[in-house]
Amino acid sequence: MSAHWSEGGASTLQEAGPLRCGAWLESRQIGHLFAERRVEHSEVKLPNGGLMMWRPSLLLLLLLLRRGAEGKPSPDAGPHGQGRVHQAAPLSEAPHDDAHGNFQYDHEAFLGREVAKEFDQLSPEESQARLGRIVDRMDRAGDGDGWVSLTELRAWIAHTQQRHIRDSVSAAWNTYDTDRDGRVGWEELRNATYGHYEPGEEFHDVEDAETYKKMLARDERRFRVADQDGDSVATREELTAFLHPEEFPHMRDIVIAETLEDLDKNKDGYVQVEEYIADLYSAEPGEEEPAWVQTEREQFRDFRDLNKDGRLDGSEVGHWVLPPAQDQPLVEANHLLHESDTDKDGRLSKAEILGNWNMFVGSQATNYGEDLTRHHDEL
């Protein structure tokens, strides 16, 4: 994520919408709970007054399972394998069809989907005025030279596409920042999550105390990696890295380490094919293995095990759960620059962007502004 955008500015393009958690399925299919790419924050009360916020971690799932009802799965049950894979979401589901004057893809890529809907309700004059203010912000967030470079345009698009992540962190912020100093210390996060314990009495009042201790140690390790300046206090950006490590390059190793720990039951440092399958499927007595399980074995052999040694090392796990992906914001930024750079100098002036305003933001309303219920003064 980019560190160039202030969260105050982000509020001007805030996406609304409920926080989501995966749907419950049969208990033996609990792995599908995390089939969503990301699990946003939802509250689970702990015995000692703590408030667990959902995070994409296998061990955190155990907090809910310990309160589970009948048919509770084994504590070793993990997320479905596909839920472990962090794929970048498309910038828009609309077709990229500029040739026929359909710029919806560009609007959603540049503004974000929810804000693009708002711009559809604006008059052309208001839409262009807000675009002008966005152009000023893009330049200020970059080098402030009066031009919008490819780098600045890409950073803006990436910023708009990550709004839902910032919103989820904002929703959880006051739960963790208990002293309201604008930062979250490790002690605050630990106590808010697990409850207050006297030294030496950690988790004395819960079952599976050792499991909770492992969870706590794992969270602390992740927090230390997210806390880049090492002061034991997380800024909003550092807390975002803690809650959404898959979005940050410097958190890549911790995502891989946590995945290995979840799957590597024999602790040899690798994921064997049976460990991989066990994360996806647990057979009931006398149950015939479904055909899809064999397909997953073939996936392991043909696509996961890159060096064909019959197991996955850390590098292969990383390639699986954090696969290389096309830089979608960069592709779209190149497209917008190419279509708007009338003097072909490799950068965009404010006049060039406003001259092609319909591609960037457009306006499709017939009753301009009548349905607009939220106002963003900064835009």
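Cut-offs and rules
Residues numbered from 1 in each chain as written. Predicted model: local features only at pLDDT ≥ 70, side-chain atom pairs only at ≥ 80, totals over all residues. Heavy atoms only, no water. Helix = DSSP H or I, 4+ residues; strand = E, 2+ residues; numbered from the N terminus. Expected span 1.5 Å × (residues − 1). Buried < 20%, exposed > 50% of the residue type's maximum accessible area, 1.4 Å probe, protein only. UniProt positions renumbered as here; feature names shortened; annotations may be inferred. Salt bridge = Lys/Arg side-chain N within 4 Å of Asp/Glu carboxyl O.

**Points about helix α7 (residues 150-161)**
Move 1: Between its first and last C-alpha, α7 extends 17 Å over 12 residues, near the 16 Å set by a 1.5 Å rise per residue.
Move 2: Most of α7 is tucked away: nine of the 12 residues are buried.
Move 3: For α7, the complete set of buried residues consists of Glu152, Leu153, Ala155, Trp156, Ile157, Ala158, His159, Thr160 and Gln161.

**Let's talk about the UniProt feature "domain: EF-hand" (unreviewed entry) in the protein chain**
Move 1: According to UniProt, the "domain: EF-hand" (unreviewed entry) feature falls on residues 164-199, 214-249 and 251-286.
Move 2: Annotated as 58% helix and 6% strand, the span residues 214-249 places its first and last C-alpha atoms 25 Å apart.

**Things to note about helix α9 (residues 186-194)**
The α-helix advances 3.6 residues per turn, and as a result positions three or four apart in sequence lie on the same side.
Move 1: By the criterion of burial, α9 is predominantly enclosed, with seven of the nine residues buried.
Move 2: Looking at α9, one finds that the buried residues are Trp186, Glu188, Leu189, Asn191, Ala192, Thr193 and Tyr194.
Move 3: Glycine 195 lies just past α9 and shows a positive phi near 95°.

**Focus on the pattern of salt bridges**
Move 1: Following the criterion strictly, the structure yields 21 salt bridges and no others.
Move 2: Where arginine 154 meets aspartate 327, a salt bridge forms, and the shortest distance between an N and an O atom there is 3.1 Å. You can see arginine 154 sitting in helix α7 and its partner aspartate 327 sitting in the loop between α15 (314-321) and α16 (328-340), a full 173 residues away along the chain.
Move 3: A relative accessible area of 30% means that aspartate 327 is categorised as partly exposed.
Move 4: Residue glutamate 210 is joined to lysine 213 by a salt bridge in which the shortest nitrogen-to-oxygen separation is 3.5 Å. Of the two residues, glutamate 210 and lysine 213 are both situated in helix α10 (residues 209-226); the distance of three residues between them amounts to about one turn of the helix.
Move 5: Among the charged side chains, a network of salt bridges with common partners joins Arg84, Arg218, Arg221, Arg222, Glu258, Glu261, Asp262 and Asp279.

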